[in-house]
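Close look at the chain arrangement
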Amino acid sequence: MQTLRIALGERSYPIYVGAGLLGRADLILPLLERKSAAVVTNATVAPLYMEPLAGALAREGVEVVRIVLPDGEDNKDWRTLNVVFDALLEKRCGRDTTLVALGGGVIGDLAGFAAAIYQRGVQYVQVPTTLLAQVDSSVGGKTAINHPLGKNMVGAFHQPRLVLADMDTLKTLPERELRSGLAEVIKHGLIRDAVFFGWLEANIERLLGREPEALEHAVLRSVAIKAEIVARDERESGLRKLLNFGHTFGHAIETGLGYGTWLHGEAVAAGMTMAADLSRQLGYLSDADTGRIRALLQRAGLPTSAKGIAPGRMQQLMSVDKKVKEGRIHFVLLERLGAATVRDDVPPAAVGHTLARLAA
């Protein structure tokens, strides 16, 4: 097991990465205000990992409430959130109950938001079981549900007490989910570490083949990049915006196609291709580097365009993105491989040209 930390003063917390961690109740027990926990998961993950985690806690005398939700991005809404609240209230869970988010990004975001607002806030633990959740959504305290008009539009910043990333859970991850997670791994290299991006180019087949050492390196480097950024800008006032590379386009794709049609990482991959194309148009990226980005995403089995959404519809959806300020969309662009910047003065014609090429 390796340990990284998010440095946030009194709210700092560890991120444990390794194999066989689901049964490590000793990592969670010291955090419990009393021996009461509610494990929130979905119908896909529950048969695989509910009992290894909940059972380990129960054997230590923890009273465990098991909450199983329907799977899928289309369930990341108020209705499903209320299922969590119903279960917590029926079991008389108080403010000293710890929520445990066991699953991928949807569960992590939804259970984290439930923890942020249940009885004005309770503590929670992230136990991510997908690559995407391990490298991105479980780290940093962003919690949210979706709205029909936009992804993650209703949420809160609420940091977990710890993140426990068991690499063994990736053994049961569907191929499509693995590829989706690789999009966020690639993103971290693009915005912050050109050497890591080069390593990904050289090792993408090892990652797709689920070689443990390669996957653990990818998770650890991605988490280290995100942890450093979050520690310096928790509330996304500046530096943390760079983590949204590809997401302005990607969230519009997810909303426009309908939640759950594409996985988050698939939409981000197409969004990163669009953001790279926009960076090339504005004179930042060379044609060669733009081609390298597209080629790596394609080798990872990820989409590099988004057909099925008219450019006008894409622009409409992007105009209600959380990153719009004073009517201007803030685009995360690449100055070069490994270095990102934010621009709010991108010419509409350039955006239109990118969308005409890569969305239709």
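The structure reproduced in this document is the subject of the present report. (Residues numbered from 1 in each chain as written. Predicted model: local features only at pLDDT ≥ 70, side-chain atom pairs only at ≥ 80, totals over all residues. Heavy atoms only, no water.)

Bringing the overall build of the protein chain into the picture now. Each helix and strand counted, the protein chain has 13 helices and 13 strands in total. Computed over its C-alpha atoms, the radius of gyration of the protein chain comes to 20 Å, within 12% of the 21 Å expected for a compact globule of 360 residues. Along the first, second and third principal axes, the C-alpha set of the protein chain runs to 60 × 40 × 35 Å. Split into buried and exposed, the 360 residues of the protein chain put 59% on the buried side. Partitioning the intrachain contacts of the protein chain with sequence separation of at least 6 by distance along the chain shows that 77% fall at a separation of at least 24. (Helix = DSSP H or I, 4+ residues; strand = E, 2+ residues; numbered from the N terminus. Rg over C-alpha atoms; globule rule 2.2 N^0.38 Å. Buried < 20%, exposed > 50% of the residue type's maximum accessible area, 1.4 Å probe, protein only. Contact = heavy atoms within 4.5 Å.)

So, on to the packing of aromatic side chains. Aromatic ring pairs: the centre-centre distance and the angle between the two ring planes describe each pair. One pass over the full model with this rule turns up four aromatic pairs. Ring plane angle 40° and centroid distance 5.6 Å describe the contact between Phe-249 and Phe-331, whose orientation is recorded as tilted. With Phe-249 in helix α9 (residues 247–257) and Phe-331 in strand β12 (residues 331–336), this pair connects stretches of sequence that are 82 residues apart. An identical accessibility class is assigned to Phe-249 and Phe-331; each is buried. (Phe/Tyr/Trp six-rings, centres within 6.5 Å; stacked < 30°, edge-to-face > 60°.)

Every α-helix carries 3.6 residues per turn, so stepping three or four residues along brings you back to the same face. Among the residues of helix α12 (residues 311–318), Met-314, Leu-317 and Met-318 are the ones counted as buried. Taken end-on, α12 shows its buried residues confined to a sector of 100°, consistent with a single buried face. Residues of α12 that are buried sit in contact with α9, α10 (264–281), β10 (324–325), β11 (328–329), β12 and α13 (348–358). (Arc of directions from axis to C-beta.)

Quick look at the packing of helix α6 (residues 175–192) against helix α8 (residues 212–232) now. Interhelical geometry of α6 versus α8 gives an angle of 55° and a closest axis separation of 10 Å. Classed by the angle they form, the pair α6 and α8 counts as oblique. At the point where α6 passes α8, the crossing takes the left-handed sense. Mapping the contact onto sequence places Leu-178, Val-185, His-188, Ile-191 and Arg-192 in α6 and Leu-215, Ala-218, Ser-222, Ile-225, Lys-226, Glu-228, Ile-229 and Arg-232 in α8. (Axes fitted to C-alpha atoms, helices over the stretch in contact; angles between N-to-C directions. Parallel < 35°, antiparallel > 145°, perpendicular 65-115°, else oblique. Left-handed = near helix turned anticlockwise from the far one by under 90°.)

It is worth spelling out helix α7 (residues 194–208) at this point. Compared with the 21 Å implied by 1.5 Å per residue over 15 residues, the 20 Å span of α7 between its first and last C-alpha is a close match. The sharpest bend along α7 comes to roughly 60°, located at Ala-202. Taken as a whole, α7 has its buried residues at Phe-196, Phe-197, Leu-200, Glu-201, Asn-203, Ile-204, Leu-207 and Leu-208. Against α6, α8 and α11 (287–299) lie the buried residues of α7. For α7, the capping residue at the N-terminal end is Asp-193, with a side-chain oxygen 3.1 Å from the backbone nitrogen of Val-195. (Expected span 1.5 Å × (residues − 1). Bend = angle between axes of the 7 residues up to and from the residue. Polar contact = N/O pair within 3.5 Å; in protein donor to acceptor, adjacent residues only side chain to side chain.)

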